[in-house]
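Structural description and commentary
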Amino acid sequence: MSQMLVGVDVSLKSHHVHFMKEDGSTLADFSVSNDQTGAETLIKRMLETAEKSQANQLKIGMEATDLYSWHLAHYLQDQMKGYEPKFQASIYVLNARKVARFKKGYDSLVKNDRIDAWVIADHLRFGRLPAQMKDAIQYEALQRLTRTRFHFMREIARNKTYFLNQLFLKFSGLRQDNPFSDKFGATSMAVMEELEPETIAEMSLEELVEFLQDKGKNRFEKPEEIAKYLQKLARSSYRLNKAMQDPVNISMSVTLSTIQHIESQVKRLDKEIAKLMKGIPQTLTSVKGIGDVYAAGLIAEISDIKRFKDHHALAKYAGLVWNQNQSGEFESQETARMRTGNKYLRYYLIQAADKIRKYDSEYKAFYTKKYDEVPKHKHKRALVLTARKLVRLVFSLLRTNQLYTPPERRD
C-alpha cells in the first residue's frame, strides 16, 4: 500500500485541491467550497481516489492562512477517524513562509490556486514537515483570547504613540520632556487634557502645585520642582494657532477615549483567560512575574511541550535565535535576530521576562549584565536576551511540571 498526497490551497470562499501520487504524478485536481458541504465532497473524493490507487495513507497539507483553514483541518481530523484503520490520515498545517521558500525551488511556476495546491502536495512528498496536527482544542480556545489580547495591546501602543504625537502640537515641551514618570498617569493626563501651555505659564506656582497635588493625590515628594519645570516647558513651547486648538483637543480626546475603551476590553479578556487557566495544570505561575495572562500566552502557543526536542527547538519556534555572521577568521560581534518564528509566543516571552527581571535576582543580574555590554539598543537587546534565557526555564517547568525555586531559596 502507498501514500496519497493531498495539497489544499485555502481561501475564504473555496479551496483548490490537488491529489498526487508518491512519484509526483497527478491523480486529481479540483475545487470545493469552503463550507461543510465542500469538506464532505473532499472526503468522498479522497476515499474514492485512494481506493482506486490502492493508497491507505493520506497526507493532507494546507497553509496556516489566517483562520480560513481552521474549520477544514478540524473537520477532516474528526471525520477521517471513522475510516481507520483502512485509511490512515495525517493532517499538516504548514507555515506559509516555508511553503513559499519551497516553491522558489521551481524556476517558472505561475501564481494561482491550482499551482499552489500542487506545490503543497509536492512539499508533502519531499517531507521535512512539522508535527502533524493533534487534538489541542483547549489550547486553541485559550489562544483565541491571548491572541486577541496581543492584537489589542498593539492597538493601545499605536494609539498612545498617535496621541503623544498630537500632544506635540498642543504642548511641544511636554511631548519632548515629560516630567512625570508615567506619561499616561492620572496627573500627566490631567495636565494634557485640562490645561493649555499658556494657562500653565500664567498660573501662580501655588495654584499649579495645588493642581498637581490634587490630581496626584498628594503622592509627589517635590511638587514645587515639578510645577517649576512644567512652567519652564510651557513658556518655551510653541503656541498653537487658535483655529487649531479645538480640533487638536477633540482629536486627542477621541484618541484617549479609544485607548481607555480598549484597555477596558483587555481587562475583560484577562478575566476570561484566568477562568480558562483554572482548568489547565501548569507551574509557570510559580515564577514571580508570570501571572495567569503571561502563562496563558505561553501555553496557548506552545501547546504540548513534547512537540519540542529541547529548549533550543522552542527558542527557534519563538524566533529567539540569531544569525551567525562569520567569514574566515572574522566573526561579527553584532548579529541580527532571525525574523521568523511565532510572534505571539515571542511577545509573551518578552513581556514575561520584563516582569521577572524586576523580582528575580538571577534574571535581574543577567538583564543588567546584558544591558551594560553595548552602547546602543541597551534595553531592547537585554530584554530579548533575557527572554531567550527564560525559554530554558519555561521548557523545564512545562516538561517536569515542578514548581520554580527562586535563587534565594536554593541550597
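We now turn to the structure provided with this report. (Residues numbered from 1 in each chain as written. Predicted model: local features only at pLDDT ≥ 70, side-chain atom pairs only at ≥ 80, totals over all residues. Heavy atoms only, no water.)

Some details on unusual backbone geometry
For residues besides glycine, phi is generally negative; the peptide bonds are generally trans as well. The criterion, for reference: Helix and strand assignments come from DSSP, with helices taken as H or I runs of at least 4 residues and strands as E runs of at least 2, each series counted from the N terminus.
For the bond from E84 to P85, the omega torsion is 5°, close enough to zero to count as cis. Looking at the secondary structure, you find P85 in the loop between α2 (70-80) and β5 (88-94). Its identity as a non-glycine residue notwithstanding, R128 has a phi of 55°, on the positive side. Structurally, R128 is set in the loop between α4 (113-126) and α5 (137-170). Although it is not a glycine, N401 sits at a positive phi angle of roughly 60°. If you trace the backbone, N401 turns up in the segment after α16 (378-400).

Comments concerning the sheet that holds strand β1 (residues 2-10)
Rules: By the convention used here, strands pair only if DSSP detects at least 2 bridges between them. A fitted line through C-alpha atoms represents every axis, and for helices the fit uses only the stretch in contact; the resulting angles, taken between N-to-C directions, go from 0 to 180 degrees.
Reading across from one edge, β3-β2-β1-β4-β5 is the order of the five strands in this open sheet, with mixed pairing throughout. Looking along the sheet, the strands with just one partner apiece sit at the ends: β3 (26-33) and β5. For this sheet, the mean angle separating the axes of adjacent strands, direction not counted, is 20°. Of the strand pairs in this sheet, β1 and strand β2 (residues 14-20) are connected by six bridges, and their pairing is antiparallel. When the sheet's bridge partners are listed, V10 is paired in β2 with H15.

A look at the packing of aromatic side chains
Convention followed: For Phe, Tyr and Trp, where Trp contributes only its six-membered ring, two rings pair if their centres lie within 6.5 Å, and the inter-plane angle classes them as stacked under 30 degrees, edge-to-face over 60, or tilted in between. In this scheme, a residue with accessible area under 20% of its type's maximum is buried, one over 50% is exposed, and one in between is partly exposed, where area comes from a 1.4 Å probe on protein chains only. Placement of a charge over a ring requires the Lys NZ or Arg CZ to be within 6 Å of the ring centre, with the centre-to-atom vector within 35 degrees of the ring normal.
Scanning the entire structure with this criterion turns up 12 aromatic pairs. Seen from their ring centres, F150 and Y344 are 4.8 Å apart, and the 75° between their planes marks the pair as edge-to-face. With F150 in helix α5 and Y344 in helix α14 (residues 343-356), this pair connects stretches of sequence that are 194 residues apart. Residue class for F150 comes out buried when judged on its relative accessible area of 7%. In textbook terms, an aromatic cluster arises when at least three aromatic residues are bridged by ring pairs, as seen for F150, Y294, Y344, Y347 and Y348. Just above the ring of F184 sits the side chain of K160; from NZ or CZ to the centre is 4.8 Å. One cation-aromatic arrangement involves K389 over Y363; the distance from NZ or CZ to the ring centre is 5.1 Å.

Section: the nonpolar core
The condition is simple: Remark: nonpolar core denotes a set of buried residues (Ala, Val, Leu, Ile, Met, Phe, Trp, Tyr, Cys) joined through side-chain atoms within 4.5 Å. Here a residue-residue contact requires only that any non-hydrogen atoms of the pair lie within 4.5 Å.
One finds I290, L349 and L390 to be the most contacted residues of the largest nonpolar core, which totals 48 residues. For this core, the secondary-structure elements that each account for two or more residues are α5, α11 (242-277), α12 (292-302), α13 (311-318), α14, α15 (361-371) and α16. The greatest single-element share of this core, amounting to 10 residues, is contributed by α16. When residues no more than four places from it in sequence are discounted, the contact partners of L349 are L298, A318, L320, A387, L390, V391 and V394.

Some remarks on the environment of E140
Just so we agree on the cut-off: As used in this structure description, the phrase polar contact means that two N or O atoms lie within 3.5 Å; if the pair is within protein, one of them must be able to donate a hydrogen and the other to accept it, and residues adjacent in sequence are counted only when both atoms belong to side chains.
One can find E140 in helix α5. Separated by 159 residues in sequence, E140 and I299 place their C-alpha atoms 9.9 Å apart. Polar contacts involving the side chain of E140 include one to the side chain of H74, which spans 2.9 Å.

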